[in-house]
Structures are given as C-alpha cells and as structure tokens.
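Given next are the chains, with one letter for each unit.
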Amino acid sequence: IGFGTCRRDASSEEIFLTKPELGPEVLKLLPEGQREGIDGVLATHKPFPNIRIYKHSVEDFQRDFLEQLEGEQEASIDDDGLYKQLQGTFIMTNEKQAIWRSVGTSQFAERPGDMAWTPGNPRRPAEVMYIASKGKVIVDGPPDVANALLRCLESFTIVDNHAVVPIIDTSTMV
C-alpha cells in the first residue's frame, strides 16, 4: 500500500474486479444443494413461484389458459373440493390485462348464510392475472388451488426471471 501500490492504472485496458464471494457466515445460512446459482455464482435469491412469464396477446393467454384449465379440471374430477375451486371465469379482460377468478360458491362447503350457521371458514377465491405490458402472470389463492393453476400454466409459460425471494432462512438471522 505504501507509495500508492494499491492503485490500479485507470488508463489500462484490463480492469480486474474482485470476484464476489459470500463469507462463511452467509454460507452456513444457505440450504445445502442450493448454494450454486447460474454460472457458478452463489445464489442467494430465487423467483416467486407464483409468477410466470408469457409474452403474447391477452386473447392468446385466455385461449391457452382455458385449454389447459379444462385438462386440470378433468384430472381433478375425483377431488370434489378442488374441482369446485377450479370452476371460474374471466371477470375482466381488455387489451392490457385479463383476470380469471374462481366462482364464489366454491368458498363455502355448504350454502353460505349467516356466519354462525355456516360450518368452517370461507375459503378465498383463486385468481389468475395476466398483465400483457409486463408479460407476467400472477397466481393467487389457497395453496392447493394455486398449485393446480400453476400446473395449468407450466405448459405455455416460463418461470419468472427476477430472483427476489431470499433462499436464506431469514428466521434464523439475528
């Protein structure tokens, strides 16, 4: 460091950057088997599992989604609860976006009435939203229904490319 030896020649064509590395404290927090990311760089985040990419028109999305949903409905016909939750319709469509939502009757096991008389808690409806300008499909709903809807989307969409969910178990961090 003495006499400026730590400085690099700015006019040089070759600029060497220090390779990013995670310290041993961070490596202990990463789950085994998920430490390596793309191109050998350590991965600390992953994309949201309920967001997919689709780069076509809203009409194409509606057609592809309904086609795949029909197959998923046929596969779940033995599971009455899931089958009812997969019944729905597009509640809003325009050239910019499309929103599909499961029917409201699937929220209750029995006929909805006074909350004191209705057994169990109502389930929230499932929803699939496609935003054409972003090319993103977002799935929301109860876990079993959301997983079925994601299976529908797997054949014609790809996984989101923005890694934002930490792989590190943040509950273990102090």
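Everything quoted here is computed from the prediction, not taken from an experiment.

A. Structural view of the overall build of the protein chain. From N to C terminus, the protein chain includes 4 helices and 8 strands. Walking the protein chain from its N terminus toward its C terminus, one meets helices and strands in the order α-β-β-α-α-β-β-β-β-α-β-β. Taken across its 174 residues, the protein chain has 27% of its residues classed as buried. For the protein chain, restricting intrachain contacts to residue pairs at least 6 apart in sequence, the fraction spanning at least 24 positions comes to 59%. Surface exposure of the protein chain reaches about 12,300 Å², of which carbon and sulfur atoms provide 55%.

B. Spatial organisation of the confidence of the model for the protein chain. When pLDDT is averaged along the protein chain, the result is 78; 63% of the residues meet or exceed 70. Here helix H1 (residues 24-29) is the element of the protein chain with the lowest mean pLDDT, 70, and strand E5 (residues 127-131) is the one with the highest, 96.

C. Examining the pairing of strand E3 (residues 88-93) more closely. Summarising the sheet, E3 and strand E4 (residues 97-102) pair through 5 bridges and their orientation is antiparallel. When the sheet's bridge partners are listed, Gly 88 is paired in E4 with Ser 102. Linking two consecutive strands that pair antiparallel, namely E3 and E4, is a turn of 3 residues.

D. Quick peek at the nonpolar core. Phe 61, Phe 65, Trp 100, Val 128, Leu 149 and Leu 153 are the most contacted members of the largest nonpolar core, which has 23 residues in total. Put simply, the parts of the chain that give this core at least two residues each are helix H2 (58-75), E4, E5, strand E6 (136-140) and helix H4 (143-154). By residue number, the principal contributor to this core is H4, which donates 7 residues. Apart from residues lying up to four places away in sequence, Trp 100 is in contact with Phe 65, Leu 69, Gln 85, Leu 86, Gln 87, Gly 88, Thr 89, Phe 90, Ala 126, Glu 127, Val 128 and Leu 149.

E. Local environment of the side chain of Lys 136. With respect to the helices, strands and loops of the structure, Lys 136 is situated in strand E6. Looking at Lys 136, the relative accessible area reads 17%, which means it is buried. At a separation of 2.2 Å, a polar atom in the side chain of Lys 136 contacts the side chain of Asp 160. Excluding residues that lie within four positions of it along the chain, Lys 136 makes contacts with Ile 51, Arg 52, Ile 53, Tyr 54, Met 129, Tyr 130, Ile 131, Asp 160, Asn 161 and His 162.

What counts and what doesn't
- Residues numbered from 1 in each chain as written.
- Predicted model: local features only at pLDDT ≥ 70, side-chain atom pairs only at ≥ 80, totals over all residues.
- Heavy atoms only, no water.
- Helix = DSSP H or I, 4+ residues; strand = E, 2+ residues; numbered from the N terminus.
- Buried < 20%, exposed > 50% of the residue type's maximum accessible area, 1.4 Å probe, protein only.
- Contact = heavy atoms within 4.5 Å.
- Areas by Shrake-Rupley, 256 points an atom, 1.4 Å probe, with all protein chains shown as cover.
- pLDDT = per-residue confidence, 0-100.
- Pairing = 2+ DSSP bridges.
- Core = buried A, V, L, I, M, F, W, Y, C linked by side-chain atoms within 4.5 Å.
- Polar contact = N/O pair within 3.5 Å; in protein donor to acceptor, adjacent residues only side chain to side chain.

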